[in-house]
Structure formats: C-alpha cells, structure tokens
Amino acid sequence: MTGSVKAMAVMTFAALVAVATYSVALGSNGWLWFGWVVLGLLTAAMGASRSG
C-alpha cells in the first residue's frame, strides 16, 4: 500500500469515528453516513487500483 492510500485509510477510519460520535451525541444523520460510505468506497477503489 502506498503512502497516499494509507493516509486515505486513516482519514476514512477517523471519519468513521467522528460520524459515530456525532450520531451518539446528537442523533443519526443519514447524509453523514452516506458521505462516509462514499469515502470508504473511494478508499477501497484507490487501494484496488494501486495493487492491481
């Protein structure tokens, strides 16, 4: 895994923690979860394109 993919994975994990914390504290927001899913898919695509 290259440095940029690792950084994207760390950012995705940090976003997951932030969205989960927000959901627990203030209630769930579908747009935040949708944004996290999109970010996760982008990270997975970057990882797949770098390894292939």
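As named in an unreviewed UniProt entry, the protein is Integral membrane protein, taken from Streptomyces toxytricini.

A. Region of the structure containing the overall build of the protein. Scanning the protein from N- to C-terminus turns up two helices and zero strands. Here the C-alpha radius of gyration of the protein, 12 Å, is well above what a compact globule of 52 residues would show, namely 10 Å. Total accessible area on the protein stands at roughly 3700 Å², and carbon and sulfur atoms take up 76% of it.

B. Examining the UniProt feature "transmembrane region" (unreviewed entry) in the protein more closely. Cross-referencing UniProt, the feature "transmembrane region" (unreviewed entry) maps to residues 7-25 and 31-49 in the present numbering. In residues 7-25, the share of helix is 100% and the share of strand is 0%. The end C-alpha atoms are 27 Å apart. Along residues 31-49, the helical share is 100% and the strand share 0%, with 27 Å between the first and last C-alpha atoms.

C. Spatial organisation of a nonpolar patch on the surface. Judged by side-chain polarity, Trp31, Phe34, Val38 and Leu42 come together as a nonpolar surface patch covering roughly 470 Å² of accessible area. Along the chain, the position of Leu42 falls in helix α2 (residues 30-51).

D. The arrangement of α2 in detail. For α2, which comprises 22 residues, the first-to-last C-alpha distance of 32 Å matches the rise-based estimate of 32 Å (1.5 Å per residue) to within 8%. For α2, the N-terminal cap is Asn29; the gap from its side-chain oxygen to the backbone nitrogen of Trp31 is 3.0 Å.

E. The arrangement of the environment of Val19 in detail. By the secondary structure assignment, Val19 is in helix α1 (residues 3-26). Aside from chain neighbours lying at most four places away, what touches Val19 is Leu32 and Trp33.

F. Seen up close, the side chain of Thr12. Locating Thr12 in the fold gives a position in helix α1. Within polar-contact distance, the side chain of Thr12 engages the side chain of Thr43 at 2.7 Å. Residues in contact with Thr12, not counting those within four places in the same chain, are Trp36, Leu39, Gly40 and Thr43.

Quick notes on the rules
Residues numbered from 1 in each chain as written. Predicted model: local features only at pLDDT ≥ 70, side-chain atom pairs only at ≥ 80, totals over all residues. Heavy atoms only, no water. Helix = DSSP H or I, 4+ residues; strand = E, 2+ residues; numbered from the N terminus. Rg over C-alpha atoms; globule rule 2.2 N^0.38 Å. Areas by Shrake-Rupley, 256 points an atom, 1.4 Å probe, with all protein chains shown as cover. UniProt positions renumbered as here; feature names shortened; annotations may be inferred. Patch = residues over 30% accessible without salt bridge, like charges linked within 9 Å, V, L, I, M, F, W, Y side chains within 5 Å. Salt bridge = Lys/Arg side-chain N within 4 Å of Asp/Glu carboxyl O. Expected span 1.5 Å × (residues − 1). Polar contact = N/O pair within 3.5 Å; in protein donor to acceptor, adjacent residues only side chain to side chain. Contact = heavy atoms within 4.5 Å.

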